[in-house]
Structure formats: C-alpha cells, structure tokens
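Okay, here's what each chain looks like letter by letter:
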Amino acid sequence: MKLNRRRFMKYAAASSAIATAGSLFPGISFGNWQQVTGNSGIVSWEKAPCRFCGTGCGVLVGVSDGRAVAVKGDPSCSVNKGLCCMKGYHSVQALYGADRITTARVRKNGEMVEVPISEALDLVAAKLAETREKHGKDSVAMYGSGQWTIPDGYVASKLFKGCLGTNNVEANARLCMASAVTGFMTTFGLDEPMGCYEDIDNANVFITWGNNMAEMHPVLFSRMLANRKQRADVQIIDFATRLTRTSQAADKSILFNPQTDLAVANAICYEIINNDWVNWNFVNEHVSFHKGKTNIGYGTEDHFAFTDKAEPISLDEYKTFLEDYTPEKVEKISGVPAKDIKYLASLYGDPTVKVTSFWCMGMNQHTRGTWINNLVYNIHLLVGKISTPGSGPFSLTGQPSACGTVREVGTLTHALPHGVVMNEEDRKTAARIWDVPVENIDPKPTYHTVEMFRALDRGDIRFMWIQVTNPMVTMPNLNRYRKGAEKDDRFIVVSDVYPTPTTDVADVILPAAMWIEQEGLFGNSERRTQHFDEILTPPGEAMSDTWQIIEVARRLGFEKQFPWSRDDYIGKIWEEYRLFHAGAKHEMAPYTVLKKRSGVQWPFVNGKETRWRYNPKYDPACSNGKDFDFYGKKDNRAWIWARPYEPAAESPDGEFNFWLNTGRVIEHWHTGSMTRRVPVLNNAMPSSYVELHPDDAADLGVVNGEMVKIISRRGEIQMPAQIRGRGVPARGMVFVPFFDESYLINELTLDAFCPISKQPDYKKCAVRLEKA
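Computed from a predicted model, the values in this text were never measured in an experiment. (Residues numbered from 1 in each chain as written. Predicted model: local features only at pLDDT ≥ 70, side-chain atom pairs only at ≥ 80, totals over all residues. Heavy atoms only, no water.)

The next point concerns the overall build of the protein chain. Looking only at helices and strands, one finds 26 helices and 33 strands in the protein chain. Rg of the C-alpha trace for the protein chain: 25 Å, near the compact-globule value of 28 Å for 772 residues, within the 12% margin. Seen along its three principal axes, the alpha-carbon backbone of the protein chain occupies a region of about 70 × 65 × 60 Å. Across the 772 residues of the protein chain, 67% fall into the buried class. Here the contacts in the protein chain between residues at least 6 apart in sequence split such that 73% fall between residues at least 24 apart. Total accessible area computed for the protein chain in this model is approximately 25700 Å², and 49% of it derives from carbon and sulfur atoms. (Helix = DSSP H or I, 4+ residues; strand = E, 2+ residues; numbered from the N terminus. Rg over C-alpha atoms; globule rule 2.2 N^0.38 Å. Buried < 20%, exposed > 50% of the residue type's maximum accessible area, 1.4 Å probe, protein only. Contact = heavy atoms within 4.5 Å. Areas by Shrake-Rupley, 256 points an atom, 1.4 Å probe, with all protein chains shown as cover.)

This is how it looks when you write it as structure tokens:
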C-alpha cells in the first residue's frame, strides 16, 4: 500500500481557495469566525457539546439555510461558561472539507469504487457472517472510539457481545485512558473521578502530573488561571518531562526523568508520613493497605498474559516499603532535587491547603500506568484530600465520550455497561435487557487493542470494522499492524468522514454522519452526560454509526434486538441503556431531562446531580453513617497500594541514546483528520516537527527547520527540527506531535503496555538522531 502522504498538501490549496472565495460560508470571513455573536443571517443558534476533547465544552452553533455558519461558547454550560478554545471556535468548519466522504466505496479488482450504501451494507453483513461461519465467532471484531456517541457504542456492544457472542469489541480509548480505569478500580472499586470541575474554582494548589493542560485542556486551564488571578494564595505546579506552555504559565516547573514519576510519588508519601502530615482520622477510618505483584513485564510479546494479585499489608509494612524512597535517594533516580520533592509533599501535607492533582496521557500512557494512578491516589488518601470541593485527584480524558461510551457503556473486551463479562450476574443482567440467551455472552475476554491488532496480523481475526478512529496512524509499532491489515485474506470496513491512512487499507468505506449531523450523547471527564440534536442533514448517503450498525444487525437476523425506527431510535436506545445503571451509585438522567439541559452529572438521584462522590454531604449512595463511604470496595475503604519504581520497557543506551516522547499540540486533535481540514488551524500548524533541546541540536549541528533523521529499532523517519519553540524537552529527549500523517511517528514507537490496563506507552522509547 502507498500512503497518500501528500493528501493534506493538495487539500490545503483547495481549502485556502474556499476560504478566499467565501463560497463555503457566504458573508462570514474565516478570520473573525469566532467573533460572530450577532444574529445577522443566522436563523437559529443550536446547543451541542464540542467534540474536540474530553472537557465537554458547550457550544452554540449558528445555522442558516441548513448549514452551520458560526459557533460560539454556550454561556449556560457550566463546563466552559461561554469560553471555547481555538478548536471549539472553528469546530464546524471541520464539517465542510473538500474531500468529505459522502458515498459508500467498495474495493473491486484492487480499486475503490462508489456504490449505493445499501449495497455496501449488504456486503459488510455478508462478509461478517461468512467470516464468522468459516473461522469462528472470535474471527470478527469491532474497533471503535471515544468519539463514538453513547448510542454508537451501546449498539456495537449489544450486537457483538450479545448477539454474535464475541467479546471482540475494543475502542481507541484503550490507548488513552485504560490506566485511569484500572487505577480507579484498584483503588476505589469503581471507575471515574469523584470530583468535578468546580474543584478548579475551590482549590488553592494545582499540580499537573505530566499534563500540558494549557494546550490539551485549555478551557480548564483558563479556569485555573482565572482562579489564580482572583486569589493571591493560588499556585500552579507543573511536574513534567519537558517545558511547555503550561510550564510558562505555572508558578513552578519541576522536571523529572521519564518513568521516575513512580519514585517521586512514593517519596512524597514518605515525606508525608515522616513529617506526620498524615490525616490519621481519615486513614484509620477509610483506608486499607495492599501490595501486588512486581516485575510484571511489558507486554511486548504476543499472547502476553498477566493477572495481578492483591495482598493486604499493614501500615508498618507500608512504611518499610517507603524507606527505599527518601527524597535524597529518589533525587538520584529522578533528577528532581530533594528540596523540590519535599516542597511538593509540604503542599499536599498542609491541612489548610486544598490541592487538586490533574493528569492525562503522561500518567496513563505508561508501562506502569495503573501503578502511577494508584500512587497519586495514595498521596491524596494519606492526607484525606479527596471527595471535597477543591481537593482531589482528577484524571482528565482527551475524547468527547471516552468516559460516556467506552467506560460507562463498556466497549472494551472485558466490559459490559454495568460490569464485566467475567461476572455471571452481570452477564444475566445484560442478557435480560438485550433479550438474548445468557449463553451468548462469553465469560472470557478476548483481545485488548494491541493484542487485537496482533490477532489481525496473525490471522486469528479476519474481519474488522473500524469506526470513528484512525489506527493506521495511532497504533504503536505501526509498521507491523499496517502490514497485518493489508494481508489479502483480511476484510477491513471503515466508517469515517474523510480519507485517512486507515481508509487507505479498507475494503469497504461507509460514509458517516459527523457530530451535529446526527442526534447523540457524549459523556465527559466529570461524569456529565450531554445530549445533542441532529442540527444538520448529513451529506449524501452519510448516516450515523449507530444506524449503520443497526442496518447490519438487521441484515444478520437480529431485528428483534434492534427494533427501533429512525425517527426515535436515540431516545429508545438511551432508555434501554439506562436500565443497566439503575440505583444511587450510577443512576443516569432520563432522556427528557438530558434534552433540556447542557449536560447532567451522574449519579442523578431524585432529580439531583452528584458533584462529589463518596462524601455523604453530596452523594446519596453513601450509607455507612461515616463522613466518607468508599462503597466501591467491599470493606468500604479506599486502598493504598505499595507500588515500586520499575524502569521503562526500553531506555536510551549506547546505540539509541535519546528518549522519544509523542503527544499533541493545541491546534490539532489526535491524528488531524478533522482539524487539518480547518484552514485556520492547518495554517497555524501545517506540519509536524521534532522538538530538540538547544544543546542537543548544537551537538547534532542542526538549526530550526533542518531535517533530522530519527531512528528506532522499529523504523526511521526524517522531520524538520524545532528548537526553542513552544516546548523545550530535557537534554537527551525529543518530542514529536503525531497529528501529521506525512510523518508517521508511530512507526518508531514501541508496543509495550501496562500489564494491568493494557494501555501502550507512547511517551518512552529509545531512538538515535542523525542530521539528514
């Protein structure tokens, strides 16, 4: 296969012509797009959640003559209070790219040809059934996304797990928040944050753990800056492996060596105990201590399997464990001065200071991602700063419904909407609601995302349907998985809105409705479910991913399980889905309520949202009569884990002497397949680059813009250098944004993952550099 590496160079000229001519949005210039606030020429302003990150900002979309012509922040939405980031302000332009896919395409004699969508859906159903009959139920798979709406993910899980009997359902959120899930589950017994965005307005101190919030969650970061401006006692501490725009805005920036956040977190706990800053009343009433397995591997081999084993330990045993993590010892591992470790501990330990910890991919994309989540929870639990306004650990997400669709619906191989496939009662509940025999639901998980693509390469999986994601850019160790998808006896279906490297390997491309061209629901980082109407008519034969799945399900003979009409299917699906979450611990708002509001937080009990879980002042599920109730665990206690520092799967050595770190930039979202079709955003950041420390650049003999060859054990790539740009990595590290399909940096990354969460580590592998 030849990747269309000039796709965006050709598109940029077309989009610029459109912008100049003004034909796409008559009467509105792209330059002042975000400043449109009047109603001149606009028939209506319609509410929707933004779809460009997991924050869940509310927007108002201006509609005229059936087209979206303007956008502004929704002042009635408590998430953003009328503010948007640059992607939000330009979001609707992503609907109108010149190369939008509006018709179905099928590969015939090696070429993609347009066909009626009914014919394409017939082929998808036939190939799925044929593959399943010939190779078994686990030879077919669905790979979805945290951009799936809740109904998308729900019907996918119902079809594959309930009707087809395979647990081969995964989503790209495995790549971005699986460690957050396992961290929550192992510490609290239940998933998702206990706090909400109001913590930002109440905290005195913010500590960002490997999280460049200024670019990745700019609206939330703006709320932090506003809090600091209004209150003299507020400070922001940036704890990271490179200097970023967050570092520039922070009161203090502390750099650590990659992977050693584990050691620093333990050192903070050591200091808290050593200085008697522990909230003993809280710990004695609400905490228990545990350890798990160590030296747990990295998952780089096929069929890797690991199961952790929790064992209770005493407080004294935990103290003994921490003796290896004095600030002085950890300074030698981490590069963080002992005085800075002690300073961080003093902030957490001061009973008069409200501390909120934020993190995202830096902690989650980590070969010990579950562990580092556990360790930050340990800090908050030792000092009792949790589940109260302004104090708590807060794991952020990067997609609009990674929480709502992947974590709550359960679109991972082991999960169900309310539990897990391994649990008999959970299977019985799902079978009853789905109206399928309980025997249909396999009690054994199959493949997590990395292993799913390995199975596709091996031939264990022969049919894969990919929706709303671009794995031929995002998978680590990409060369292997692209070659697997290209094999002759594999059948790949892709539902998408634009051509991508993933549609390049497809046998069938289905045109998808995008965002406000369909009715749907998202679930954001603070447990807020957000409904949006179909504001625009999808172009051509494009249809929602939900309806595509329903059409295929009916062709496979499952009309009884998918009986809904196109007029009201979203509401009917939502009310069926709500049945899984009945009860005070996870009650979801009714469809009629969601239609009226700019989002509702769950648990939604007796008409009231729950802002802070596990605290009986706010959470009606608390029932133990104490000041906190961690009801996710059988002992009603949160667990502190003794988790050690262990090195990365691959570290720099004599041959490959640099760390490679990958991530995002503020202008683009993920692989850029939408934002690079927005002229303003694409012009602001037209291509990717490799970010070097100035001293490393001098040693290499390169200046800004000169080409650098980056080489790993898996591949090599040439990219222009950026020196003293918006970010500066530490010496011995390079950083590369992954939005640009012309520079497939994941051909170099390593497919090692956290053995507990199975989430890959995109932040740490070894490379060497050469001047090109």
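All right, on to the environment of G654 then. Structurally, the position occupied by G654 is in the loop between β26 (638–642) and β27 (658–663). What makes G654 exposed here is its relative accessible area of 81%. Considering only alpha carbons, one finds G654 and R768, 114 residues apart in sequence, at a separation of 9.3 Å.

On average, residues of the protein chain score 94 in pLDDT, and 95% of them are at 70 or above. Note on residues 9–38: pLDDT under 50 across the span, and 47 contacts to partners over four residues away in sequence or across chains. (pLDDT = per-residue confidence, 0-100.)

Turning next to the domain arrangement of the protein chain. Structurally, the protein chain comprises domain 1 (2–96), domain 2 (104–176 + 401–563), domain 3 (195–297 + 321–398 + 630–642) and domain 4 (658–749). Here the C-alpha centroids of domain 3 and domain 4 sit 28 Å apart. Across the contact, 12 residues belong to domain 3 and 15 residues belong to domain 4. For the pairing of domain 3 and domain 4, the buried interface totals around 1200 Å² over both sides, and the portion due to carbon and sulfur atoms is 50%. R726 is the salt-bridge partner of E215, the closest N and O atoms lying 2.7 Å from each other. Where domain 3 meets domain 4, there are 6 residue pairs in polar contact (both at pLDDT 80 or more). At the level of secondary structure, the elements contributing two or more residues to the side of domain 3 that touches domain 4 comprise α7 (213–216), β10 (242–243) and α9 (245–249). In terms of residue count, the dominant contributor to the side of domain 3 that touches domain 4 is α7 (3 residues). Of the residues that constitute the side of domain 3 that touches domain 4, the class distribution is 5 nonpolar, 4 polar and 3 charged. (Domains from an automatic or database assignment. Buried area = accessible area lost by both parts, 1.4 Å probe. Salt bridge = Lys/Arg side-chain N within 4 Å of Asp/Glu carboxyl O. Polar contact = N/O pair within 3.5 Å; in protein donor to acceptor, adjacent residues only side chain to side chain. Nonpolar A, V, L, I, M, F, W, Y, C, P; charged D, E, K, R; others polar.)

What follows covers the pattern of salt bridges. Tallied over the entire structure, the rule returns 58 salt bridges. E119 is the partner of K108 in a salt bridge, and the nearest nitrogen-oxygen pair spans 3.3 Å. Taken together, the residues K108 in strand β4 (residues 104–108) and E119 in helix α3 (residues 117–135) connect sequence positions 11 residues apart. Residue E119 is classed as partly exposed on the basis of its relative accessible area, which comes to 34%.

So, on to the sheet that holds strand β3 (residues 67–73). Pairing within the open sheet is antiparallel, and its 3 strands lie in the order β1-β2-β3. Each having just a single partner strand, β1 (44–49) and β3 make up the two edges of the open sheet. For this sheet, the mean angle separating the axes of adjacent strands, direction not counted, is 35 degrees. Sheet analysis places strand β2 (residues 58–64) next to β3, joined by 6 bridges and oriented antiparallel. Considered in β3, the bridge of V63 is made with A68. (Pairing = 2+ DSSP bridges. Axes fitted to C-alpha atoms, helices over the stretch in contact; angles between N-to-C directions.)

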